[in-house]
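# Analysis of the macromolecular model
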Amino acid sequence: MAASEFPHPAPGDPSATHDSPGARQQADWRGLKGDVEGLADVAAEQGRGLLDAVRVQAQDYVEQRKNDAAGQVHDLARTIRSSSKDFDDKPNIKAFFDSAADGLEQLGSSIESRSFGDFYAEAESFARRAPVAVAVGTFVAGLLAARFIKSSSLPPEGDARDGFRG
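Quantities reported herein were computed from a predicted structural model and do not represent experimental measurements.

Of the regular secondary structure elements, the protein chain holds four helices and zero strands. For the protein chain, the proportion of its 166 residues judged to be buried stands at 11%.

Pasting the structure below:
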């Protein structure tokens, strides 16, 4: 097709009637274009639906993990508080344990009451305030992960020189 998307018969051309092959071809092109646009709309709508479903599942997963983390923090606070009973005769140490348990209970309640968006906004704010700390923390986490992966890998099966011994 030279200058346009659809073949157009020249004005005054006797083949310009609706029964002409050119008119049928143009109608076929328009029909095909409509079909493709319809398919594109359906695909876009299904893509949006898929993204919405993934977003809901991710939010549910994060919410469940958040509640699990809050429960574990509360459990740790209860354990520390029960451990402080052993120090009834030492009020300074007991006060230290009780203070730690109170702080952990507040942390657990804070985790329960916040949404994922709140955590994300707070992490983003911290990263903006202390980018060096985030970079150092990321580097250290990478080193620890590499050491963990290296230590958990299987040891080699014998020495490389063992294959040459006969």
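This next bit is on the confidence of the model for the protein chain. Looking at the protein chain, pLDDT values average 81 and 81% of them are 70 or higher. Across the protein chain, element-level confidence peaks in helix α4 (residues 131-152) with a mean pLDDT of 91 and bottoms out in helix α1 (residues 21-83) with 86. Taken together, the stretch residues 13-17 has pLDDT below 50 and engages in four contacts with residues farther than four places along the chain or on a different chain.

Here the focus is the packing of aromatic side chains. Inspection of every chain in the model, using the stated rule, returns two aromatic pairs. Ring geometry for phenylalanine 87 and phenylalanine 97: centres 5.2 Å apart, planes at 20°, overall stacked. Here phenylalanine 87, found in the loop between α1 and α2 (91-113), pairs with phenylalanine 97, found in helix α2; they are 10 residues apart in sequence, far enough to count as distant. A relative accessible area of 24% places phenylalanine 87 in the partly exposed class. By relative accessible area, phenylalanine 97 is classed as partly exposed at 23%.

Closest axis-to-axis distance for the α1/α2 pair is 8 Å, and the angle between their directions is 165°. It follows from the interaxial angle that α1 and α2 lie roughly antiparallel. With respect to the hand of their crossing, α1 and α2 are arranged in left-handed fashion. Of α2, the residues touching α1 (which contributes Lys66, Ala70, Val73, His74, Leu76, Ala77, Ile80, Arg81 and Ser83) are Phe97, Asp98, Ala100, Ala101, Asp102, Leu104, Glu105, Leu107, Gly108, Ser109, Ile111 and Glu112. Taken together, the residues of the contact of α1 with α2 sort by class into 11 nonpolar, four polar and six charged.

Attention shifts here to α2. In a regular helix each residue adds 1.5 Å, so 23 residues correspond to 33 Å; α2 covers 32 Å between its end C-alpha atoms and thus fits that length. Within α2 the residues assigned to the buried category are Asp98, Ala101, Leu104, Gly108 and Ile111. Each element contacted by the buried residues of α2 is listed here: α1 and α3 (116-129).

For the pair α3 and α4, interaxial distance at closest approach is 5 Å and the crossing angle is 105°. Of the possible angle classes, the one that applies to α3 and α4 is roughly perpendicular. Of α4, the residues touching α3 (which contributes Phe126, Ala127, Arg128 and Arg129) are Pro131, Ala133 and Val134. Along the lines of polarity and charge, the residues of the contact of α3 with α4 split into five nonpolar, no polar and two charged.

What follows deals with the pattern of salt bridges. Enumeration according to the criterion identifies 12 salt bridges in this entry. A salt bridge links glutamate 63 to lysine 66; its shortest N-O distance comes to 3.1 Å. Here glutamate 63 and its partner lysine 66 are both found in helix α1, three residues apart, which amounts to about one turn of the helix. Given a relative accessible area of 34%, glutamate 63 falls into the partly exposed group. A residue is classified by how much of its surface remains accessible, and lysine 66, at 7% relative accessible area, is buried. Lysine 94 is the partner of aspartate 98 in a salt bridge, and the nearest nitrogen-oxygen pair spans 3.5 Å. Highlighted residues: aspartate 98 and lysine 94, both in helix α2, separated by four residues, approximately one helical turn. Judged by its relative accessible area of 22%, lysine 94 is partly exposed. Residues participating in the shared-partner salt-bridge network are Arg81, Asp88, Lys94, Asp98, Asp102 and Glu105.

Cut-offs and rules
- Residues numbered from 1 in each chain as written.
- Predicted model: local features only at pLDDT ≥ 70, side-chain atom pairs only at ≥ 80, totals over all residues.
- Heavy atoms only, no water.
- Helix = DSSP H or I, 4+ residues; strand = E, 2+ residues; numbered from the N terminus.
- Buried < 20%, exposed > 50% of the residue type's maximum accessible area, 1.4 Å probe, protein only.
- pLDDT = per-residue confidence, 0-100.
- Contact = heavy atoms within 4.5 Å.
- Phe/Tyr/Trp six-rings, centres within 6.5 Å; stacked < 30°, edge-to-face > 60°.
- Axes fitted to C-alpha atoms, helices over the stretch in contact; angles between N-to-C directions.
- Parallel < 35°, antiparallel > 145°, perpendicular 65-115°, else oblique.
- Left-handed = near helix turned anticlockwise from the far one by under 90°.
- Nonpolar A, V, L, I, M, F, W, Y, C, P; charged D, E, K, R; others polar.
- Expected span 1.5 Å × (residues − 1).
- Salt bridge = Lys/Arg side-chain N within 4 Å of Asp/Glu carboxyl O.

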